[in-house]
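Observations on the model geometry
The primary structure of each chain is shown beneath.
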Amino acid sequence: MRYTVHDFEIAARAELDPVYADFIAGGARDEITVRANEAAFGRLQLLPRVLRGSAERELGISLFGHRASLPILISPTAFHKLVDPEGELATARAAAAAGVIMIVSMASTVAVGQVADAVRAAGDDVPRWFQLYIQPDLEITEALVRRATDAGCSALVVTVDSPVLGAGERNRRNGFHDLPPGLRCENLVDLRDGERGHVRQIAMSPELNWEHVDWLRGITSLPILLKGVLHPEDARLAVRHGVDGLLLSNHGGRQLDTVPATLELLPEILAAVEGRVPVVLDGGVRRGTDVVKALALGASAVGIGRPVMWALAEGGEKGVRRLLELLRDELDDTLALCGASGLADLTPDLVRVPTWGPVPGPAPTPGADRRFGGVVA
Ligand SMILES: Cc1cc2nc3c(=O)[nH]c(=O)nc-3n(C[C@H](O)[C@H](O)[C@H](O)COP(=O)(O)O)c2cc1C
Ligand SMILES: O=C(O)C(=O)c1ccccc1
């Protein structure tokens, strides 16, 4: 049985080609930020309320006028067919069945239109969002936005932390640079005549600037979220440029290494946006307690990246369904233990930074060492 997200990771490692397992788990350079994301959740403490009885807890959220059953989104991850033959179709069906918003990666191995068709056919329609790398060739970007819009995507998540591709040294060492034969980035096929959906078609461009965001604002009426804003000054600029939300993310530690954990940045980013737009956080969310901490500090929702890839590798659509159920149960359980009858009861007073003594060490259980930055000898 898989009782924790960590169990899915171990199971996925056993299933997967080690080169693909490294692609998923890895980060940029020394992977300091990868570890920092999870460690930050471990350092924060919860301070529960008692005797505020309620029989059931409300876990649903509303974002840009759409309902979702959980405050947990599926962050965009590339290449789902690397780990499961149905790829993004399986992920999307599981997300829809759970009532969870999936952000489809621009580098998906199933076209976003096909993902939408499959979910509609299953009869569960939950909003889907589309992740976009703005391309310096604006016609190409416009064509991508059209594909996402035609597929019924209800928001665009524009990744802005990738002026160049992050240095995944595991991938370099493993010689992993391309999709294997038979797999393609389906959203990129035939954007220009004869383009075959090669991953190298995606321009990670150092030329992008705020004018590109203004331009995008002008060609679509979909809500736009920026993914990867870390500096509070950029959060202010984002609001000024008419962005509808932020996905506070350090790309799971896969772009610039040694940036702070997203959880540590959350209070500053929230202060900068002054409640004008919702802030979703991703990076290192592995437990119901992690979700509660982010929401108590003021995030509107959280995103999960690697856990979805692990669950997909372990058990396809069913694996992702079980992962989402597990996180739902952990979240519900944590709310009950905190004396919260719903997400609205999660307030900053429930969260503390330890004010004295040493940082608590990890519980001596197998695997727990990773969460705390490897302090177990
Ligand atoms: C295998 C993998 C592929 C990813 N692909 C994308 C992508 O195509 N676009 C993007 O904006 N972010 C991508 N990300 C980053 C995720 O959206 C997300 O920010 C990160 O995984 C969150 O951290 P977590 O994995 O600790 O949950 C990817 C991450 C992983 C692990
Ligand atoms: O691996 C990643 O983090 C990522 O963002 C990506 C983007 C495009 C293609 C492959 C991976």
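Residues numbered from 1 in each chain as written. Chains lettered and ligands numbered in written order. Predicted model: local features only at pLDDT ≥ 70, side-chain atom pairs only at ≥ 80, totals over all residues. Heavy atoms only, no water.

A few words now on the site of ligand 2. Near ligand 2, the surroundings consist of Phe23, Ala78, Phe79, Ala107, Tyr133, Val199, Met204, His251 and Arg254. With respect to ligand 2, the side chain of tyrosine 133 contributes an N or O atom lying 2.9 Å from an oxygen atom. When atoms are counted within 2 Å of each cavity's grid points, the one that captures over half of ligand 2 is the largest pocket. For the shell around ligand 2, the per-class residue count stands at 7 nonpolar, 1 polar and 1 charged. (Near = heavy atom within 4 Å. Polar contact = N/O pair within 3.5 Å; in protein donor to acceptor, adjacent residues only side chain to side chain. 1 Å grid on protein atoms, 1.4 Å probe; cavity = no way out; pocket = protein on both sides within 12 Å on 5 of 7 lines; lining within 4 Å. Sits in = over half its atoms within 2 Å of the grid points. Nonpolar A, V, L, I, M, F, W, Y, C, P; charged D, E, K, R; others polar.)

To continue, consider the packing of helix α6 (residues 138-150) against helix α8 (residues 210-219). Contact geometry of α6 with α8 gives a least axis separation of 11 Å together with a crossing angle of 45 degrees. Judged on the interaxial angle alone, α8 and α6 are oblique. Classified by chirality, the crossing of α8 by α6 is right-handed. Facing α6, whose interface residues are Leu138, Thr141, Glu142 and Val145, α8 presents His212, Trp215, Leu216 and Ile219. For the contact of α6 with α8, the residue count by class is 5 nonpolar, 2 polar and 1 charged. (Axes fitted to C-alpha atoms, helices over the stretch in contact; angles between N-to-C directions. Helix = DSSP H or I, 4+ residues; strand = E, 2+ residues; numbered from the N terminus. Parallel < 35°, antiparallel > 145°, perpendicular 65-115°, else oblique. Left-handed = near helix turned anticlockwise from the far one by under 90°. Contact = heavy atoms within 4.5 Å.)

Inspection of the entire model under this criterion finds 3 cavities of 30 Å³ or more. In this model, the largest cavity occupies a volume close to 40 Å³. Counting residues per element, the lining of the largest cavity draws most heavily on helix α4 (residues 88-98), at 3 residues. Residue composition of the lining of the largest cavity, grouped by class: 8 nonpolar, no polar and 1 charged. (Points joined across faces, edges and corners; volume = space filled by probe spheres on them.)

Honestly, that's just the spatial picture; any functional story needs more than this.
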